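# Structure assessment
One letter stands for each residue in the lines below.
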Amino acid sequence: QVQLVESGGGLVQAGGSLRLSCATSRTIFALRTMAWYRQVPGKQRELVATINVGGSTDYADSVKGRFAISGDNGGNTVYLQMNSLKPEDTAVYYCYLKTSMSYYWGQGTQVTVSS
């Protein structure tokens with residue numbers, strides 16, 4: 001069993017930046033994908049960014065050029081650097097881990113961007 005804990009959310013003005021962190025309870029060595037999702041109440045959860053085992057990344061069109069997903073070499077933490085934030089980025093952000101055997105969700109961290 002793996003636990004994911006997000007941190008770094010908060011309140012920021014439009015145009016500002018935040019850096020989210022997702023800490024794992026154990027180092028992940030196996031082939032896996034990690035991602036950040038976000039969700040607004042009453043809306044479907046949206047895939048924001050993905051980082052794959054080889055280090056390749058993918059982003060939703062709405063965040064390309066503004067967000068960057070990365071991981072540490074030890075396999076313990078994944079980050080989401082968010083720049084040029086917009087009010088429409090306001091959501092609860094969730095860390096996600098997919099392995100060949102299972103999948104895991106973090107508890108979420110609130111990001112609020114004011115006009």
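My aim in this report is to walk through the structure given alongside it, one point at a time. Only a predicted model underlies this, so the values are computations on that prediction, with no experimental measurement involved.

Our focus in this paragraph is the nonpolar core. Grouped together as the largest cluster of nonpolar side chains are 26 residues, with contacts concentrated most on Leu4, Met34, Trp36, Phe67, Leu80, Met82 and Tyr93. Mapped by element, the contributors of at least two residues to this core are strand E3 (18–24), strand E4 (32–39), strand E5 (46–51), strand E7 (67–71), strand E8 (77–82), strand E9 (91–99) and strand E11 (109–114). Examining the composition of this core, we find that four residues originate from one element, E9, more than from any other. When residues no more than four places from it in sequence are discounted, the contact partners of Tyr93 are Glu6, Leu20, Trp36, Tyr37, Arg38, Val48, Phe67, Leu80, Met82, Gly108, Thr109 and Val111.

Before going further, it helps to examine the pattern of salt bridges. Following the criterion strictly, the structure yields four salt bridges and no others. For Asp89, the salt bridge is made with Arg38, and the minimal N-O distance between the two is 3.0 Å. In this pair, Asp89 sits in the loop between E8 and E9 while Arg38 sits in strand E4, placing the two residues 51 residues apart along the sequence. Under the relative-accessibility criterion, Asp89 is labelled buried at 0%. Judged by relative accessible area, which is 7%, Arg38 ranks as buried. Asp89 is paired through a salt bridge with Arg66; the nearest N and O atoms lie 2.8 Å apart.

Inspection of every chain in the model, using the stated rule, returns one disulfide. Residue Cys22 pairs covalently with Cys95 via a disulfide, S to S 2.0 Å. Between Cys22 and Cys95 the sulfur-sulfur dihedral comes to about -85°; the bridge is accordingly left-handed. In this pair, Cys22 sits in strand E3 while Cys95 sits in strand E9, placing the two residues 73 residues apart along the sequence. Assessed through its relative accessible area of 0%, Cys95 is described here as buried.

Bringing the packing of aromatic side chains into the picture now. For the structure shown, the criterion picks out five aromatic pairs. Ring geometry for Tyr37 against Tyr96: centres 5.6 Å apart, planes inclined by 70°, an arrangement best described as edge-to-face. A residue pair is termed long-range when its members are at least 10 positions apart, and Tyr37 in strand E4 and Tyr96 in strand E9 qualify at 59 residues. Overall, Tyr37 belongs to the buried group, its relative accessible area being 19%. Residue classification places Tyr96 among the buried residues on the basis of a relative accessible area of 15%. With centroids separated by 5.0 Å and ring planes inclined at 65°, the aromatic side chains of Tyr37 and Trp105 adopt a geometry described as edge-to-face. Within this pair, whereas Tyr37 is found in strand E4, its partner Trp105 is found in strand E10 (residues 103–105), the two being separated by 68 residues in sequence. Aromatic rings pair up to connect Tyr37, Tyr94, Tyr96, Tyr103 and Trp105 into one cluster. Against the face of Tyr79 rests Arg19, its NZ or CZ located 3.9 Å from the ring centre. The cationic tip of Arg45 hangs over the ring face of Trp105; the distance from NZ or CZ to the ring centre is 4.6 Å.

Each value, and the rule that gives it
Residues numbered from 1 in each chain as written. Predicted model: local features only at pLDDT ≥ 70, side-chain atom pairs only at ≥ 80, totals over all residues. Heavy atoms only, no water. Core = buried A, V, L, I, M, F, W, Y, C linked by side-chain atoms within 4.5 Å. Buried < 20%, exposed > 50% of the residue type's maximum accessible area, 1.4 Å probe, protein only. Helix = DSSP H or I, 4+ residues; strand = E, 2+ residues; numbered from the N terminus. Contact = heavy atoms within 4.5 Å. Salt bridge = Lys/Arg side-chain N within 4 Å of Asp/Glu carboxyl O. Disulfide = S-S within 2.5 Å. Phe/Tyr/Trp six-rings, centres within 6.5 Å; stacked < 30°, edge-to-face > 60°. Lys NZ or Arg CZ within 6 Å of the ring centre and 35° of its normal.

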